[in-house]
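Take a look at the letters that make up each chain.
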Amino acid sequence: MVDSSKDVNGGFPGDKKITVVFVLGGPGSGKGTQCAKIVENFGFTHLSAGDLLRAEIKSGSENGSMISNMIKEGKIVPSEVTVELLQKAMLESGNDKFLIDGFPRNEENRATFENVTKIEPEFILFFNCPEEEMERRLLSRNQGRDDDNIETIRKRFRVFVESSVPVVEYYDMKGKVRKVDALKPIDEVFEAVKAVFDPFHVKVE
Ligand SMILES: Nc1ncnc2c1ncn2[C@@H]1O[C@H](COP(=O)(O)OP(=O)(O)OP(=O)(O)O)[C@@H](O)[C@H]1O
Ligand SMILES: Nc1ccn([C@@H]2O[C@H](COP(=O)(O)O)[C@@H](O)[C@H]2O)c(=O)n1
Ligand SMILES: [Mg+2]
C-alpha cells in the first residue's frame, strides 16, 4: 500500500503541479476511444480504472477473484484497491498530466482519491450518450469482456445512474464539468473534445 498520508503532494516529487482530468460517462459512451485520441494530440497519460483492475486480475493478485466477481456483477470495487492502482500507475508513468478514465465511479472513489493524493481534478470530461446507443455499442464491442453481456450491462447502467451521476453532479456544482455529445460519430465527438483540451496543446518541435 502506498502510504501518502504524510505527503503534501500525494507522493509526487516536490511541489510539481499534477494535472488530472477525470473522464466520465456511461458504459459504452466512448471514454476509452476518445482518451486514445487525446493522448495522441495532447501528451496526457491515459489511465483506465477498469483496465487497471482487469490487469490486476490477470497478474494473479490476492484481490483478483474479488475484483473479477465485482466486475461480472457490474459492482464498484472498494476504493482503496482502485486508488492504490491509480496512484502507482501515475507515479510510475513519470508524466504530470493524466486522463483518469472511468473514475471516480462513486462518492467513496472521489473522497478516497482526494484524501490519498490531495489532487483536485482540473475538470471532468463527461460523455453524454443515451442508454440505447450505449447498449448497442457494448453488445457489438467484441473485446471479450466478461461484463459485455446484456445482464451485466443493465446492472452497470443502474450503478451509473445511482452512484456515478451524483459524482458528476457534485463536480457540476463546482463548475468543473465539460459535457460533450457522445452520440455523434467518433471524429465529430473528438472535434468537441479538442475544443475542451485546446489550452493543453503540446507544440511538436
Ligand atoms: N462515437 C461513437 N460512435 C459509434 N461507436 C463508438 C463511438 N465511440 C466509441 N464507439 C464504439 O463503442 C464501443 C465502446 O467504446 P469505448 O470502449 O470507448 O467505451 P467506454 O466508455 O470506454 O466503455 P466502458 O465504460 O465499458 O469501458 C467500442 O466498440 C467503440 O469502437
Ligand atoms: N472506478 C472503477 C472503475 C471500474 N470498476 C469496475 O470495472 C468495471 C469496468 O469498468 P470500465 O470503466 O472498463 O467499464 C466496472 O463495471 C466496475 O465493475 C470499478 O469498480 N471502479
Ligand atoms: Mg472503457
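Just so you know, the residues in each chain are numbered from 1, in the order the chain's sequence is written. Here the convention is simple: chains get letters from A, ligands get numbers from 1, in the order in which they are written. Totals for whole chains, interfaces and linings use every residue, but because this is a predicted model, local features are given only for residues with pLDDT of at least 70 and side-chain atom pairs only at 80 or more, for both listing and counting. Think of the side-chain values as coming from all heavy atoms in the structure, minus any hydrogens and water.

Note on placement: serine 164 falls in helix H7 (residues 150-173). By definition, residues are in contact when any of their heavy atoms lie within 4.5 Å. Those residues in contact with serine 164 that lie beyond four places of it in its chain are Arg105 and Val159. The helix and strand labels rest on DSSP assignments: H or I over at least four residues marks a helix, E over at least two residues marks a strand, and numbering proceeds from the N terminus.

UniProt positions are given in the numbering used here, feature names are shortened, and annotations may be inferred rather than shown by experiment. The residues that UniProt annotates with the feature "binding site: ATP" (unreviewed entry) are Gly28, Ser29, Gly30, Lys31, Gly32, Thr33, Arg141 and Lys184. Of note, serine 29 is situated in the loop between strand E1 (19-25) and helix H1 (31-42). One polar contact links the side chain of serine 29 to the main-chain carbonyl oxygen of glycine 26, over a distance of 2.8 Å. Inspection of the secondary structure puts glycine 32 in helix H1. We call a residue buried when its accessible area falls under 20% of the maximum for its residue type, exposed when it is over 50%, and partly exposed in between, using a 1.4 Å probe and counting protein chains only. Classification of glycine 32 by relative accessible area gives partly exposed; the value is 33%. Each residue touching glycine 32, except ones within four places of it in the same chain, is listed here: His46 and Asp101. Two N or O atoms count as a polar contact when they lie within 3.5 Å, although within protein this holds only if one can serve as hydrogen donor and the other as acceptor, and sequence-adjacent residues are included solely when both atoms are side-chain atoms.

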